[in-house]
Amino acid sequence: MYPLRRNRRLRATQAIRSLVQETTISPNDFQTPLFVVEGKNIKDEISSMPGYYRFSLDRLVEEVKLIWSLGIKSVLLFVKVEHHLKDNKGTEAINPNGLMQRAIKTVKDAVPAMLVMTDVALDPYSIFGHDGIVEKGKILNDASVDILSQMALSHAQAGADFVAPSDMMDGRILAIRETLEHEGYYDTGIMSYSAKYASAFYGPFRDALDSAPVDTQDIPKDKKTYQMDIANRTEAIRETQMDIDEGADIVMVKPGLCYLDIVRDLKNTFDIPIAVYQVSGEYAMIKAAAQRGWLDENAVIMEQSMAIKRAGADIISSYYSKDIARLIANL
């Protein structure tokens, strides 16, 4: 006897598939990471991220306007700090006229309604490429948190809507929240990288910012003493709970595709917006395979984005955000 219920009836045409589709994506789901450098008239392609660029402030203006025109309403800013400004104290990170602070103002002047989020970590500013202050071969937690708090405050003073601590130091969300509140920045949000793993997928990003850990005998060559162990799952819930208790408004899982189980765990556990960062290594792998004709780039980026959203992401920070917005517009 043939079955009375045939599931294929709901797949028969594009019209019925669209009507019963469980997960949808739109430009409102996406955030565009942007890399900023000193200089003028610079749009410098990143060799390990084909098709992605570092922008000087003057070229950043046109890029932000383009992003807004595609319906994307948020950017996440990172800066490539000149080597002579790096030290082990984060001095340049709290410079009110630093590159990040000027980048914030540039974006806000170009598109005042754009939601500006900023990276809060010391690795772009560190001579050692670590997210905190290094002393006697260790990355110091509390001393680093003090600088990170000042750094977040300087971003808020420059006009950032949200600060995004990506360092994974213990207690930094509470310290940042208290600093912002004490200085009257009650409305500045915090998007915490709550479940950030010590992943091998960050290489192209570190090329983009020249922020890889220095490989020396006395200093850790990786970030495993503060970023999460890739083998751990329940730890992500504990880390996220702490950040929420300390005042985070949004929590993030990073990287994306390999950690969708973590995204779903957090979505099932917490009633708070969840962001996912589809990182540079994920972008580079797709680009490399597409350039060799091994896969359909557009189809893959749409499928991966849908998977991230289906897993529970409310915000997707992706280097493909502009491409996806264009694809959605042409559906």
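Residues numbered from 1 in each chain as written. Predicted model: local features only at pLDDT ≥ 70, side-chain atom pairs only at ≥ 80, totals over all residues. Heavy atoms only, no water.

Trainee: Please clarify how the packing of aromatic side chains should be interpreted in this entry.
Mentor: Any aromatic ring pair is given by two values, namely how distant the centres are and how the planes are angled relative to each other. In the structure shown here, the tally under the stated rule is 13 aromatic pairs. Each ring, one from tyrosine 52 and one from tyrosine 319, has its centre 4.9 Å from the other, and the planes form 85°; the classification is edge-to-face. Of this pair, tyrosine 52 sits in strand E3 (residues 49-55) while tyrosine 319 sits in the loop between strand E12 (315-318) and helix H11 (321-329), and the two are 267 residues apart along the sequence. As far as burial versus exposure is concerned, tyrosine 52 and tyrosine 319 are alike and both buried. Centre to centre, the rings of tyrosine 283 and tyrosine 319 are 5.9 Å apart; their planes meet at 70°, and the pair counts as edge-to-face. Of this pair, tyrosine 283 sits in helix H9 (residues 280-291) while tyrosine 319 sits in the loop between E12 and H11, placing them 36 residues apart in sequence. Since its relative accessible area comes to 3%, tyrosine 283 is described here as buried. Put simply, the rings of Phe35, Tyr52, Phe78, Phe205, Tyr277, Tyr283, Tyr319 and Tyr320 touch in pairs and so form one group of aromatic residues. Over the aromatic face of tyrosine 53 sits the side chain of lysine 43, whose NZ or CZ is 4.8 Å from the ring centroid. (Phe/Tyr/Trp six-rings, centres within 6.5 Å; stacked < 30°, edge-to-face > 60°. Helix = DSSP H or I, 4+ residues; strand = E, 2+ residues; numbered from the N terminus. Buried < 20%, exposed > 50% of the residue type's maximum accessible area, 1.4 Å probe, protein only. Lys NZ or Arg CZ within 6 Å of the ring centre and 35° of its normal.)

Trainee: Can you help me understand a positive patch on the surface in this one?
Mentor: Among the surface-exposed residues, Arg5, Arg6, Arg8, Arg9 and Arg11 lie close enough to one another that they form a single positively charged patch. Assessed through its relative accessible area of 51%, arginine 11 is described here as exposed. (Patch = residues over 30% accessible without salt bridge, like charges linked within 9 Å, V, L, I, M, F, W, Y side chains within 5 Å. Areas by Shrake-Rupley, 256 points an atom, 1.4 Å probe, with all protein chains shown as cover. Salt bridge = Lys/Arg side-chain N within 4 Å of Asp/Glu carboxyl O. Lys, Arg positive; Asp, Glu negative; His and termini not counted. Charge placed at Lys NZ, Arg CZ, Asp CG, Glu CD.)

Trainee: Can you walk me through unusual backbone geometry in this structure?
Mentor: Among all residues except glycine, the phi angle is most often negative; among peptide bonds, the trans geometry is most common. Cis geometry is found at the peptide bond from lysine 254 to proline 255, where omega equals 0°. The backbone of lysine 136 sits at a positive phi, close to 50°, despite the residue not being glycine. Turning to its location among the elements, lysine 136 is positioned in the loop between strand E6 (134-135) and strand E7 (138-139). The phi dihedral of aspartate 210 is positive, around 50°, even though this residue is not glycine. By secondary structure assignment, the location of aspartate 210 is in the loop between helix H6 (203-209) and helix H7 (234-246).

Trainee: Sorry, what's going on with the layout of surface pockets here?
Mentor: In this approach a probe as big as a water molecule rolls over the atoms, and the regions it shows empty are the leftover space. A volume near 200 Å³ is recorded for the largest pocket. Together, 14 residues line the largest pocket, and Met168, Asp170, Thr225, Tyr226 and Gln227 are the ones closest to its centre. Among the elements of the structure, E7 and H7 are those that each provide at least two residues to the lining of the largest pocket. Residue composition of the lining of the largest pocket, grouped by class: 5 nonpolar, 3 polar and 6 charged. Estimates place the volume of the second largest pocket at around 150 Å³. Lining the second largest pocket are Asn7, Leu10, Arg11, Arg17, Val20, Gln21 and Glu22. When its residues are assigned to classes, the lining of the second largest pocket shows 2 nonpolar, 2 polar and 3 charged. (1 Å grid on protein atoms, 1.4 Å probe; cavity = no way out; pocket = protein on both sides within 12 Å on 5 of 7 lines; lining within 4 Å. Points joined across faces, edges and corners; volume = space filled by probe spheres on them. Nonpolar A, V, L, I, M, F, W, Y, C, P; charged D, E, K, R; others polar.)

Trainee: Mind showing me how you'd approach the nonpolar core here?
Mentor: The nonpolar side chains of soluble globular proteins are, as a tendency, buried together. With 103 residues, the main nonpolar core has Phe35, Leu60, Leu77, Met191 and Tyr277 as its most contacted residues. With 8 residues, the single largest contributor to this core is helix H4 (residues 142-158). Ignoring sequence-local partners within four residues, the contact set of leucine 77 consists of Leu34, Met100, Ala103, Ile104, Val107, Val116, Met117, Thr118 and Asp119. (Core = buried A, V, L, I, M, F, W, Y, C linked by side-chain atoms within 4.5 Å. Contact = heavy atoms within 4.5 Å.)

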